[in-house]
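# Working through the structure, step by step
One letter stands for each residue in the lines below.
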Amino acid sequence: MRVLSGTQPSHDQLHIGNYFGALRQQIELQDKYETLIFIADLHSMNSVRNGTERRRFTQAVALDYLACGLDPARAIFFRQSDVPEVCELAWYLSTVTPMGLLERGHAYKDKIANGQSADHGLFAYPVLQAADILLYRTDLVPVGRDQKQHIEMARDMAMNFNRDYDTDALVIPEPAILDDVAVVPGTDGQKMSKTYGNAISMFGSPKQIKKSVMAIVTDSTPVEEPKDTNAVVFQLWSLFADAGEREAMFERARAGGLGYGDVKKDLLARLLDHFAPMRQRRAAFEARPDDVEDALVDGAARARAIGGPVLEDVRRVAGFRPAR
């Protein structure tokens, strides 16, 4: 069973929303399946328009994944742009993709509504994403429920191509819905995002992390009054607590006498403690940039060994000569 996941390098640091929402689950897959994890640097061109920044962001994502436990010996870990076959497959898929399918894309409509420019790259994003999936004959793509449409679009493109060319060259992928994926709120209550300026970094300096935690929005309920355990500060604190600890904390909150400042201090301590071993591993990898690069180059070679024959099958049935 082959599984594929990708992460876009759109900022210099991943945050705890990335970790609890995707990264942690992606890394766990390497113990269960043949796993491909890629840094989607081509996709980042929709938001990052500076080459130096893209290289820096890509390196940061690589370090974050390695720090959090990704093992390049078990998972195939690579940069998207190191596999040029994906762009060629994206063109073939674009010729069997109805405009209406792309116009219905939730992500496209959301980004336009939030002020992003409606260029071709943003509009055709799902086609390149489908190529990422289909190039490796991926069986399962782990996603949250809000991302299921992306996999459905890839399925439609694969079925359209297979039907039009009377082939089974492209495997129809299935979404693996991760029910335990956390939608992590930011410090202001919106979904955590660097874009919104409400993120808490995994590997920022302790001073930066403390500043972010203390900035979590709370209401003006006096210390002695009961607290709403659905408040953002409790949601974030709960990420670092077990069931028994959550029950005890929520009892204290409902009884009154617990200040939001005390919860923030405990959250800060737990957060720093949770990521401390990973921070040490990240620093070790950062001191060995050649090893990180070697891992990505080796991963790309392994990915191309899988994707190359798939693209050759697609070229053949579409009437093109084999690539030289």
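Residues numbered from 1 in each chain as written. Predicted model: local features only at pLDDT ≥ 70, side-chain atom pairs only at ≥ 80, totals over all residues. Heavy atoms only, no water.

### Focus: the overall build of the chain
Test applied: Elements are defined by DSSP. Helices are runs of H or I of four residues or more, strands are runs of E of two residues or more, and each kind is numbered from the N terminus. To get the radius of gyration, use the C-alpha atoms; to get the globule rule, take the number of residues to the power 0.38 and multiply by 2.2 Å. Only protein chains enter the accessibility calculation, which uses a 1.4 Å probe; a residue whose area is less than 20% of its type maximum is buried, one above 50% is exposed, and one in between is partly exposed. Throughout, the Shrake-Rupley method with a 1.4 Å probe supplies accessible areas, and for residues the shown protein chains are the sole cover considered. By the counting rule applied here, Lys and Arg register as positive and Asp and Glu as negative, while His and the ends of each chain are not counted. Where a charge lies is defined by one atom per residue type: Lys uses NZ, Arg uses CZ, Asp uses CG and Glu uses CD.
Helix and strand counts for the chain come out as 13 helices and five strands. By the compact-globule yardstick of 20 Å for 324 residues, the chain fits well, its C-alpha radius of gyration being 22 Å. Oriented by its inertia axes, the alpha-carbon framework of the chain measures out at about 75 × 45 × 35 Å. Counting over 324 residues, the chain shows a buried share of 47%. Of the roughly 15,800 Å² of accessible surface on the chain, a fraction of 50% belongs to carbon and sulfur atoms. A gap of 3 Å separates the mean positions of the 39 positive and 45 negative side-chain charges of the chain.

### Notes on helix H3 (residues 85-94)
Going by this rule: Throughout, the arc means that of the directions going from the helix axis to the C-beta atoms. Contacts between residues were defined by any pair of non-hydrogen atoms, one from each residue, lying within 4.5 Å.
Burial in H3 covers these residues: Glu85, Val86, Leu89, Ala90, Tyr92 and Leu93. Down the axis of H3, the buried side of the element spans an arc of 165°, and every buried residue falls inside it. Buried-residue contacts for H3 involve helix H7 (125-134), helix H8 (148-164) and helix H13 (289-318).

### Here's the deal with the pairing of strand E5 (residues 174-177)
Spelled out, the test is: Strand pairing follows a simple DSSP-based rule, namely that at least 2 bridges must link the two strands.
Bridge count between strand E4 (residues 140-143) and E5: four bridges; the pairing is parallel. Opposite Val141, over in E5, you have Pro175 as the bridge partner.

### Here we look at the nonpolar core
Our working rule: Side-chain atoms within 4.5 Å link the members of a nonpolar core, which is a set of buried Ala, Val, Leu, Ile, Met, Phe, Trp, Tyr and Cys residues.
Core analysis: the biggest nonpolar cluster contains 49 residues, and Ile16 and Phe234 have the highest contact counts within it. Among the secondary structure elements, those contributing two or more residues to this core are helix H1 (16-28), strand E2 (34-39), helix H2 (51-67), helix H9 (206-214), helix H10 (232-238), helix H11 (243-255), helix H12 (260-286) and H13. Element by element, the count of residues in this core is highest for H12, at eight residues. Not counting chain neighbours up to four residues away, the residues in contact with Phe234 comprise Lys227, Asp228, Thr229, Met249, Phe250, Ala253, Leu258, Tyr260 and Val263.

### Observations concerning the layout of surface pockets
The line we're drawing: Buried and open spaces are told apart on a 1 Å grid over the protein atoms alone, a cavity being a set of points where a 1.4 Å probe fits but cannot get out and a pocket being an open set with protein on both sides within 12 Å along at least five of seven lines. Residues with an atom within 4 Å of a point are the lining residues. Grid points are joined across faces, edges and corners, and a volume is the space filled by probe spheres set on the points. Three categories are distinguished: nonpolar for Ala, Val, Leu, Ile, Met, Phe, Trp, Tyr, Cys and Pro, charged for Asp, Glu, Lys and Arg, and polar for the others, with Gly belonging to the last.
Here the second largest pocket defines a volume of roughly 390 Å³. If you list the elements that add at least two residues to the lining of the second largest pocket, you get H3, helix H4 (99-103), helix H6 (120-123) and H7. With four residues, H3 is the single largest residue contributor to the lining of the second largest pocket. Grouping the amino acids of the lining of the second largest pocket by side-chain chemistry returns 12 nonpolar, six polar and no charged.

### Looking at H1
The line we're drawing: In this analysis the local bend is the angle between axes fitted, respectively, to the seven residues ending at and the seven residues starting at the residue.
The principal kink in H1, of about 40°, is found at Ala22. Among the residues of H1, those classed as buried are Ile16, Gly17, Tyr19, Phe20, Gly21, Leu23, Gln25, Gln26 and Ile27. Residues of H1 that are buried sit in contact with strand E1 (2-7), E2, H2, H10 and H12.

### Side note on unusual backbone geometry
Excluding glycine, most residues fall at negative phi; most peptide bonds, likewise, are trans. A positive phi angle, close to 45°, is found at Arg137, a residue other than glycine. Topologically, Arg137 is positioned in the loop between H7 and E4. The class of Arg137 is partly exposed, set by a relative accessible area of 25%. Residues other than glycine seldom take positive phi values, yet Asp166 does so here, at roughly 50°.

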